[in-house]
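Structural description and commentary
One letter stands for each residue in the lines below.
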Amino acid sequence: MATKAVLFDRDGVLTTFDVPAATAFFQRLVPVSLVEISMRWQSWGARVGFPRNVTEEKIFFHGFWDALSDEFNLAMDLRQQLHRFEYTRYVRPFPEVRSILLAVRRRGLGIGVLSNFSLASLEESLVAVNLADVVDVACAATVIGAAKPAPEAYLIASHRLGVQPEECLFFDDELVCVEGGRAVGMHAYLVDRRRHDHALPQGVVCNLTGILEILG
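The present account deals with the structure reproduced in this document.

**Here we look at the pattern of salt bridges**
One pass over the structure, following the stated rule, counts 15 salt bridges. Here Glu56 ties to Arg52 by a salt bridge, and the two come within 2.8 Å at their closest N and O atoms. On the basis of relative accessible area, Arg52 is assigned to the exposed category, the value being 54%. In this structure, Arg193 and Glu96 form a salt bridge, with 2.7 Å as the shortest nitrogen-oxygen distance. Residue Arg193 is located in the loop between strand 7 (187–191) and strand 8 (204–205), and its partner Glu96 is located in the loop between strand 3 (91–93) and helix 5 (97–106); the two are separated by 97 residues in the primary sequence. According to the relative accessible area criterion, Arg193 is partly exposed, its value standing at 27%. Given a relative accessible area of 12%, Glu96 falls into the buried group. Residues joined in a network through salt bridges with shared partners are Asp9, Lys148 and Asp172.

Given below as structure tokens:
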């Protein structure tokens, strides 16, 4: 069956997070590491529920920053700086991504993003990294109500792209999610950016330039 669309995970595939820059921001404000903040953020989400839309996300972060500020008895100016934090400012695209997505678009294929990130602002993050204009469908797990590797997540994404799973290429940096895509019939590849070359027979690419080889 001919390929009609390409579906991507976001983190580790299309983008990375600028940890040093985010660390520098928080070091001035709170006496804990970025990892510890992330752990508190996950615990907060488990307690109050992760946001299902952008409006809920603003409320979610407002409550989280207030809770963190209260925990460390932060001064008002520090509290206000936390409230102004936007994670999308620290999301960075990998160098080859935009040119590859444009090449995919020129071939007339649909382009989608399927992310398990626990926030609703997937589309906003794509805008921040100048990719939104070449993405047709963005599916955040918290919004669609299904997360990889559950079959429903892939089926929702392929349906929104208007294709059958068998007509879709899928790229993820987690093997369990790659296997989930294969289980519903997608032609799925692991993205391992630690490699220096592609291993297409084994279903592995070192970056997204491998798509052009796969499509021929």
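**Side note on the packing of aromatic side chains**
In the structure shown here, the tally under the stated rule is 19 aromatic pairs. With 5.8 Å between their ring centres and 35° between their planes, Phe50 and Phe60 make a pair best called tilted. Placement of the pair is Phe50 in the loop between helix 2 (34–48) and helix 3 (54–71) and Phe60 in helix 3, with a sequence separation of 10 residues. Measuring from ring centre to ring centre gives 5.4 Å for Tyr154 and Phe170, while their planes differ by 90°; the resulting arrangement is edge-to-face. Of this pair, Tyr154 sits in helix 8 (residues 151–161) while Phe170 sits in strand 6 (residues 168–172), placing them 16 residues apart in sequence. Considered together, Tyr154 and Phe170 belong to a single accessibility category, that of buried residues. Sitting over the face of the ring of Phe117, Arg10 holds its NZ or CZ atom 4.6 Å from the ring centroid. Its end group placed over the ring of Phe94, Arg193 keeps NZ or CZ at 3.7 Å from the ring centre.

**Quick word on the packing of helix 2 against helix 3**
Running from N to C, helix 2 and helix 3 point in directions that differ by 125°, and their axes come no closer than 11 Å. The angle between the axes of helix 2 and helix 3 places the two elements in the oblique class. As for the relative orientation of helix 2 and helix 3, their crossing is right-handed in sense. Along the contact surface, helix 2 presents Ile37, Arg40, Trp41, Trp44, Gly45 and Val48, while helix 3 presents Phe60, Phe61, Gly63, Phe64, Ala67, Leu68 and Glu71. Broken down by class, the residue content of the contact of helix 2 with helix 3 amounts to nine nonpolar, two polar and two charged.

**Notes on the pairing of strand 6**
In terms of burial, strand 6 is a largely internal element, five of the five residues being buried. Where burial is concerned, the two faces of strand 6 agree: the one with Cys168, Phe170 and Asp172 and the one with Leu169 and Phe171 are both buried. Inspection of the sheet shows strand 1 (residues 5–8) paired to strand 6 by four bridges, in the parallel sense. The residue of strand 6 that forms the bridge with Phe8 is Phe171.

**Here we look at the sheet that holds strand 8**
What the six strands build is an open sheet, ordered 5-4-1-6-7-8; its pairing is parallel. The outermost strands of the open sheet, each flanked by one partner alone, are strand 5 (137–140) and strand 8. Relative to strand 8, strand 7 runs parallel, the two sharing two bridges. Its bridge partner being in strand 8, Leu190 is matched across the sheet by Val204. Most of the contacts of helix 8 go to strand 4 (residues 110–115), to which it runs at about 155°, and overall it touches strand 1, strand 4, strand 5 and strand 6. In the packing of helix 9 (residues 175–183) onto the sheet, the strands contacted are strand 6 and strand 7, and the crossing angle to strand 7 comes to about 170°.

**Focus on the nonpolar core**
Core analysis: the biggest nonpolar cluster contains 49 residues, and Phe8, Leu14, Phe26, Val30, Leu101, Phe171 and Leu208 have the highest contact counts within it. Considering each element in turn, this core owes the most residues, five residues, to helix 3. The residues contacting Leu208, other than those within four sequence positions of it, are Phe8, Val13, Leu14, Glu96, Val97, Ile100, Val191 and Arg193. Ala5, Leu7, Ala146 and Cys177 belong to the second-largest nonpolar core, a separate cluster that totals 22 residues.

Basis of the calculations
Residues numbered from 1 in each chain as written. Predicted model: local features only at pLDDT ≥ 70, side-chain atom pairs only at ≥ 80, totals over all residues. Heavy atoms only, no water. Salt bridge = Lys/Arg side-chain N within 4 Å of Asp/Glu carboxyl O. Buried < 20%, exposed > 50% of the residue type's maximum accessible area, 1.4 Å probe, protein only. Helix = DSSP H or I, 4+ residues; strand = E, 2+ residues; numbered from the N terminus. Phe/Tyr/Trp six-rings, centres within 6.5 Å; stacked < 30°, edge-to-face > 60°. Lys NZ or Arg CZ within 6 Å of the ring centre and 35° of its normal. Axes fitted to C-alpha atoms, helices over the stretch in contact; angles between N-to-C directions. Parallel < 35°, antiparallel > 145°, perpendicular 65-115°, else oblique. Left-handed = near helix turned anticlockwise from the far one by under 90°. Contact = heavy atoms within 4.5 Å. Nonpolar A, V, L, I, M, F, W, Y, C, P; charged D, E, K, R; others polar. Pairing = 2+ DSSP bridges. Core = buried A, V, L, I, M, F, W, Y, C linked by side-chain atoms within 4.5 Å.

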